[in-house]
Amino acid sequence: MWLQRHISLKPRSRGFHLITDEVLAQMPEISGLQTGLAHFFLQHTSASLSINENADSSVRRDMERHFNVMVPEDAPYYEHTYEGPDDITAHIKSSLAGAELTVPIAGGCLLLGTWQGLYLGEHRNAAASRSLVVTLHGQADGD
């Protein structure tokens, strides 16, 4: 079975956000897969996807602070600042973290670890909703 869907993630403030529940709510077909893979592709160059801690929100705040130290705004050598000081830094952060993930599925569930969740890294100060392409491949119940 193959299924591909474009889903929209609600607009978020700058930072790292846990999006697992929002994605699962828009992809009920995952629950019907006995074995498979879910591929998530973010169609943006100023945001990112990753898997990390889902229980303690301080991890997300620490990630944002560390990324801001690693990739500071207003560096004098930046050229691509057409949309503001967070323009090129958002692109750099997106490249560092990536824009796609593949997660195995078993028994109708994403096989994330106990403390793992899907993160959206929003690297712009003012962003709109984000588009995510989700591709499922697997064996459904009863196949």
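For the structure itself, consult the block above.
Residues numbered from 1 in each chain as written. Predicted model: local features only at pLDDT ≥ 70, side-chain atom pairs only at ≥ 80, totals over all residues. Heavy atoms only, no water.

## Comments concerning the overall build of the chain
Stated formally: Secondary structure is summarised from DSSP: a helix means a run of H or I of at least four residues, a strand means a run of E of at least two, and numbering begins at the N terminus for each. Whether a residue is buried, partly exposed or exposed follows from its accessible area with a 1.4 Å probe, protein chains only, as a fraction of its type maximum: under 20%, in between, or over 50%, in that order. Note on contacts: a residue pair qualifies if any of its non-hydrogen atoms lie within 4.5 Å across the two residues.
Regarding its fold elements, the chain presents three helices and eight strands. Taken from N to C terminus, the helices and strands of the chain fall in the order β-β-α-β-β-α-α-β-β-β-β. Counting only C-alpha atoms and orienting by the principal axes, one finds that the chain spans roughly 60 × 30 × 20 Å. Looking at the chain as a whole, 42% of its 143 residues are labelled buried. For the chain, long-range pairs separated by at least 24 residues make up 81% of all intrachain contacts whose partners lie at least 6 apart in sequence.

## A closer look at the pattern of salt bridges
The condition is simple: The salt bridge criterion pairs a side-chain nitrogen of Lys or Arg with a carboxyl oxygen of Asp or Glu, the two atoms within 4 Å.
Evaluated as defined, the whole model comprises nine salt bridges. The salt bridge involving arginine 14 is made with glutamate 73; its shortest N-O contact spans 2.4 Å. Of this pair, arginine 14 sits in the loop between β1 (2-9) and β2 (15-18) while glutamate 73 sits in the loop between α2 (58-70) and α3 (87-97), placing them 59 residues apart in sequence. Between arginine 124 and glutamate 83 there is a salt bridge whose closest N-O contact spans 2.8 Å. Of this pair, arginine 124 sits in the loop between β7 (116-122) and β8 (130-140) while glutamate 83 is found in the loop between α2 and α3, placing the two residues 41 residues apart along the sequence.

## Thoughts on unusual backbone geometry
Non-glycine residue aspartate 74 carries a positive phi angle of around 65°. Mapped onto the elements, aspartate 74 comes out in the loop between α2 and α3.

## Examining the sheet that holds β2
Rules: DSSP calls a pair of strands paired once it identifies at least 2 bridges connecting them. Note on geometry: axes are lines fitted to C-alpha atoms, helical ones only across the stretch in contact, with angles between N-to-C directions running from 0 to 180 degrees.
Strand order across the open sheet formed by three strands is β2-β7-β4, with antiparallel pairing between neighbours. Because the sheet does not close on itself, it has two edges, and the strands there are β2 and β4 (47-53). The sheet shows a mean angle of 35° between the axes of neighbouring strands, direction not considered. Here seven bridges tie β4 to β7, and the two strands are oriented antiparallel to one another. In the strand pairing of β7, serine 48 is matched with glycine 121.

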